Amino acid sequence: MSLHRLTQIVMGVPNVEETAAYYTDFGLARTGHSFATIDGGEQLRIVPSDHRRLLQLGVGADDPDDLDRVAAALTALDVAFERTPTGLRAVDPGTRVTVNVEIAARYDQAPTPAPAYNTPGVDARTDERAPGILREHPVRPRKLGHVVLGSTDQAFSQTFFQQGIGFKVSDTVPGLAAFMRCSTDHHNVLVQQAPVAFLHHTSWQVDDVDEVGRGATAMLEKDPARHVWGLGRHHVGSNFFWYLRDPAGNFSEYYSDLDCIVDDALWTPQVWEGARGLYRWGPPPPPSFLAPEDLAGLMTGAHQPGA
Ligand SMILES: [Fe+2]
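Residues numbered from 1 in each chain as written. Predicted model: local features only at pLDDT ≥ 70, side-chain atom pairs only at ≥ 80, totals over all residues. Heavy atoms only, no water.

Details of helix α4 (residues 154-165)
Then step 1. With twelve residues, α4 extends 15 Å from end C-alpha to end C-alpha; this agrees with the ideal 16 Å at 1.5 Å per step.
Then step 2. Buried within α4 are the following residues: Gln154, Ser157, Gln158, Phe160, Phe161, Gly164 and Ile165.
Then step 3. In the segment just after α4, Gly166 is the residue with positive phi, at about 110 degrees. (Helix = DSSP H or I, 4+ residues; strand = E, 2+ residues; numbered from the N terminus. Expected span 1.5 Å × (residues − 1). Buried < 20%, exposed > 50% of the residue type's maximum accessible area, 1.4 Å probe, protein only.)

Side note on the coordination of the iron ion
Put simply, a metal with four donors set out as a tetrahedron has ideal angles of 109.5 degrees, and one with six donors set out as an octahedron has ideal angles of 90 or 180 degrees.
Then step 1. The protein atoms that coordinate the iron ion are His146 (NE2), His201 (NE2) and Glu253 (OE), at distances spanning 2.1 to 2.2 Å.
Then step 2. Read N to C, the donor residues that coordinate the iron ion are spaced as H-x54-H-x51-E. With a gap of 55 residues between them, His146 in strand β9 (residues 143-151) and His201 in strand β13 (residues 198-205) connect regions that are remote in the sequence.
Then step 3. The exposure class assigned to His146 is buried, which follows from its relative accessible area of 1%.
Then step 4. For His201, a relative accessible area of 4% puts it in the buried group. (Donors = N, O, S within 2.8 Å, 3.2 Å for Na, K, Ca; no water.)

Here we look at the sheet that holds strand β10 (residues 168-173)
Then step 1. Taken in spatial order, the nine strands make up an open sheet running β14-β15-β16-β13-β9-β12-β11-β10-β17, and their pairing is mixed. Two strands lie at the open edges of the sheet, namely β14 (227-233) and β17 (270-271), each paired on one side alone.
Then step 2. The pairing of strand β15 (residues 240-245) with strand β16 (residues 251-256) spans six bridges and is classified as antiparallel. Note on β16: the bridge partner recorded for Tyr243 is Glu253. (Pairing = 2+ DSSP bridges.)

A few points about unusual backbone geometry
For residues that are not glycine, phi is negative in most cases, and the peptide bond is trans in most cases.
Then step 1. Residue Leu231 is bonded to the preceding Gly230 through a cis peptide linkage, with omega at -10 degrees.
Then step 2. Residue position: Leu231 is located in strand β14.
Then step 3. For Asp78, which is not glycine, the phi torsion reads 65 degrees and is therefore positive.
Then step 4. With respect to the element layout, Asp78 can be found in the loop between α2 (64-76) and β6 (82-84).

Side note on the UniProt feature "domain: VOC" (unreviewed entry) in the protein chain
Then step 1. Taking the numbering used here, the UniProt-annotated feature "domain: VOC" (unreviewed entry) corresponds to residues 143-257.
Then step 2. Note that residues 143-257 is 23% helix and 45% strand, and that its end C-alpha atoms are spaced 13 Å apart. (UniProt positions renumbered as here; feature names shortened; annotations may be inferred.)

Considerations on the environment of Gly215
Then step 1. Examined against the element boundaries, Gly215 turns out to sit in helix α5 (residues 209-222).
Then step 2. Each C-alpha atom of the pair Gly215 and Leu54 lies 24 Å from the other, and the pair is 161 residues apart in sequence.
Then step 3. Beyond its immediate stretch of four places on either side in the chain, Gly215 contacts Val139 and Tyr254. (Contact = heavy atoms within 4.5 Å.)

A closer look at the pairing of β10
Then step 1. Among the six residues in β10, five count as buried, and that is most of the element.
Then step 2. Pairing of β10 with strand β11 (residues 177-181) involves five bridges; the strand directions are antiparallel. Paired with Val169 across the two strands is Met180, which belongs to β11.
Then step 3. Here β10 folds back onto β11 in antiparallel fashion, the turn holding three residues, of which Gly175 has a positive phi close to 75 degrees.
Then step 4. Sheet analysis places β10 next to β17, joined by two bridges and oriented parallel. Directly across from Asp171, in β17, lies its bridge partner Gln270.

Remarks on the packing of α2 against α4
Then step 1. It is the contact of α2 with α4, at a shortest axis distance of 8 Å, that shows an interaxial angle of 130 degrees. Comparing the axis directions of α2 and α4 gives the class oblique. Here Arg69, Val70, Ala73 and Leu74 of α2 lie close against α4, whose contacting residues are Phe160, Gln163, Gly164 and Ile165.
Then step 2. Among the residues making up the contact of α2 with α4, the classes are represented as five nonpolar, two polar and one charged. (Axes fitted to C-alpha atoms, helices over the stretch in contact; angles between N-to-C directions. Parallel < 35°, antiparallel > 145°, perpendicular 65-115°, else oblique. Nonpolar A, V, L, I, M, F, W, Y, C, P; charged D, E, K, R; others polar.)

Here's what the structure looks like:
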C-alpha cells in the first residue's frame, strides 16, 4: 500500500535527565526514557550522545511490498540499507539520520469535535463561555507530526527521502528546503540546507489553537527562557505554531490545524520565497530560530547543552 505516518524518533542529547524532564512538562507520558503521545504511543526515545542530534527517524509502512519498493529505490540510488522481515534501515548522509521504515498500524485518531466559534453574523456558541478558557487539564500532544533537519547536502537528502524512501514534496523554498510528507499531513519531514547536520525541531499535534497557547503558556510559567517563537501561523502548511527550546538546544513545537492532503491531484506544490516561506502572521522570528545559537559549537564539536 504505502507509507502512512511517522512512528518514533530517537534523540541523542548530552543531558538526558534534564531533557527528559522537559518533555514530561511538554505533555508526553514518560516511561523510563521513552515518551508517548495520546494517539501514537511511544514516539520519542532520549538516549545519551556527546552532542544533540536526531539519531533515528521511524516511518510507518503498511506491508512488506512497501519495504521491497523502498529497497529497490535505495538500490537505484546506490544507498546501502539493512533489511529485516518487518523493517528496513538506511542512513541519509546529509542529515546523518538513520531512517527506519517499519510495518506499523495506521493512526486511528478519535475525532476532536471542532469548537464552536462566534463570528460576525454567526452565533455558533450562545449563553456559554468558550471551551478554550474552561479547560484545566494539562495539554497532551496527540501525535508526533514532523521533524525539521539541517542537512549538509540538502539536494541529496531530498532525493533520499523523495526518491529513496517515497516521500512526496508538498511545497519548496528554493535552494533552502523541501516540505515532504509520508502521510496526509502537509509535511512530516522538512530538510533544509545547513552548515552542519542537526535537528532543528520536532513538532507535536494538539487539538486546536487554544491548546497551542495553553501548552506554551504552561511551559513558560515553569521557565520563561524556554520561549523561542510564537504564537503565530505558518503560511506553508497553514498551522498555528509555538516553538520552545529544550535543555539540550532542540526546539519543540506545538501545532494545530495543519493542511491535510488526501488527493495528490488536487494539491499544487508551490515555491515560496522570503518571509512567506516562514509565516503568515505572528511576531517576527528571532534570528536564533533561523540559525540556532549552538550551530557554531556543533560545527566545531565544542557543543554545550543549551548554549
Ligand atoms: Fe514545524
